[in-house]
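# Observations on chain architecture
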Amino acid sequence: MSSLPSTLSEQSPFARWFAKPQLPEPLPLGGLRLPENLIYLDHAAATPLDSRVLEAMLPWMRELYGNPANRLHPMGEVAEHGLALARRIIAEAVGVDFDEIIFCSCATEANNLLLRGLVEHPLRKRSTIAVSATEHSSILTTLEALRPHGIRIKTLPVDAFGQISLESAAQNIDEDTLAVCVMDVNNETGIQQTKLNALAEIARRNGAVFHVDAVQGFARHHFHTGSTEFDTATLSGAKIYAGKGAAALIVRKKHPRIRIAPQLSGGGHEGGLRSGTP
């Protein structure tokens, strides 16, 4: 009779996709080491890298390592093709257009690009941003930093179940509201905001940009334009077994169009909104 798996990780049907590589020698970490028999449960913060994702990434690191922005030679052309393929896959997964995806290094950068970009655009005419009381710090802290730009922050309270009061939203969102920021799934409580579409409708009636931090909800089947209304959204690979250092800001094409001032200047990458080698 075969023996039972000795650890929780071995019991998982997905365990074979996260096998730890055999290193020739221990990593030099100044004497630090993980506790034995560690069980990691903090997947809302970071996930392991799926071995299938690693296999898909390695050719672009070892062989096809050209700069997608330099298409004067075949290496750059092939790299640009790979970047376009990645953009198309993500766009189809969420139900948006190819050119509505803006790649960033992390979700915090994506949230900053949106908020700072909206506030600092020279044609901005509105002065209020409404935000749920349970948003991620990359939203709340950034909004506080934008107060010197004349921005007023209106906090939308949540009930005992983590849901935003629609009555409060209707009272606080008006024609001076520049954006409404609501998280899809909370990274600390795991609560899914079930009133996103109703909140999006309130924002739309008042001409405000409706932004969803979908870092925890992305790739969990429910976050798609077929079921969720949004104007802009933030995605991250670090929470879905895709590794750190890859994220995206979605900016939907609408009328009037969403105007964002770039936060990184340089070569005009990502439609001129986020310069830097992808």
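Look above for the structure.
Cut-off values and rules
- Residues numbered from 1 in each chain as written.
- Predicted model: local features only at pLDDT ≥ 70, side-chain atom pairs only at ≥ 80, totals over all residues.
- Heavy atoms only, no water.
- Pairing = 2+ DSSP bridges.
- Helix = DSSP H or I, 4+ residues; strand = E, 2+ residues; numbered from the N terminus.
- Axes fitted to C-alpha atoms, helices over the stretch in contact; angles between N-to-C directions.
- Patch = residues over 30% accessible without salt bridge, like charges linked within 9 Å, V, L, I, M, F, W, Y side chains within 5 Å.
- Areas by Shrake-Rupley, 256 points an atom, 1.4 Å probe, with all protein chains shown as cover.
- Salt bridge = Lys/Arg side-chain N within 4 Å of Asp/Glu carboxyl O.
- Buried < 20%, exposed > 50% of the residue type's maximum accessible area, 1.4 Å probe, protein only.
- Right-handed = clockwise from strand over helix to strand, strands pointing away.

### Topic: the sheet that holds strand 1 (residues 101-104)
One open sheet holds the seven strands; their spatial order is 1-7-6-5-4-2-3, and the pairing between them is mixed. Each edge of the sheet is formed by a strand with only one pairing partner; in this case those strands are strand 1 and strand 3 (152-156). Neighbour-to-neighbour, the strand axes of the sheet open up by a mean angle of 20 degrees, direction not taken into account.

### Digging into a nonpolar patch on the surface
Taken together, the side chains of Leu 27, Leu 29 and Leu 32 define a hydrophobic patch exposed on the protein surface, amounting to about 350 Å² of accessible area. Mapped onto the elements of the fold, Leu 32 is located in the loop between helix 1 (8-11) and helix 2 (51-62). The exposed category is assigned to Leu 32, whose relative accessible area is 67%.

### Describing the pairing of strand 2 (residues 128-132)
Extensive coverage of strand 2 is indicated by the burial of five of its five residues. On strand 2, burial covers both faces: Thr 128, Ala 130 and Ser 132 on one face and Ile 129 and Val 131 on the other are all buried. Of the strand pairs in this sheet, strand 2 and strand 3 are connected by five bridges, and their pairing is parallel. Within the sheet, the bridge partner assigned to Ala 130 lies in strand 3 and is Lys 154. Taken together, strand 2, helix 5 (residues 137-145) and strand 3 constitute a β-α-β crossover, and its handedness is right-handed. The pairing of strand 2 with strand 4 (residues 177-183) spans four bridges and is parallel. From the neighbouring strand, Thr 128 faces strand 4, where its bridge partner is Thr 177.

### Quick notes on the pattern of salt bridges
Evaluation of the coordinates by the stated rule reveals 14 salt bridges. Among the ionic pairs, Lys 253 bridges to Asp 97, the shortest N-O distance being 3.2 Å. Here the residue Lys 253 occupies a position in the segment after strand 7 (247-251), and Asp 97 occupies one in the loop between helix 3 (74-94) and strand 1, the gap between them amounting to 156 residues. Given a relative accessible area of 52%, Lys 253 falls into the exposed group. When the shortest N-O distance is used, the salt bridge between Arg 274 and Glu 109 registers 2.6 Å. Highlighted residues: Arg 274 in the segment after strand 7 and Glu 109 in helix 4 (residues 107-120), separated in sequence by 165 residues.

As far as function goes, none of this settles anything; it's purely spatial.
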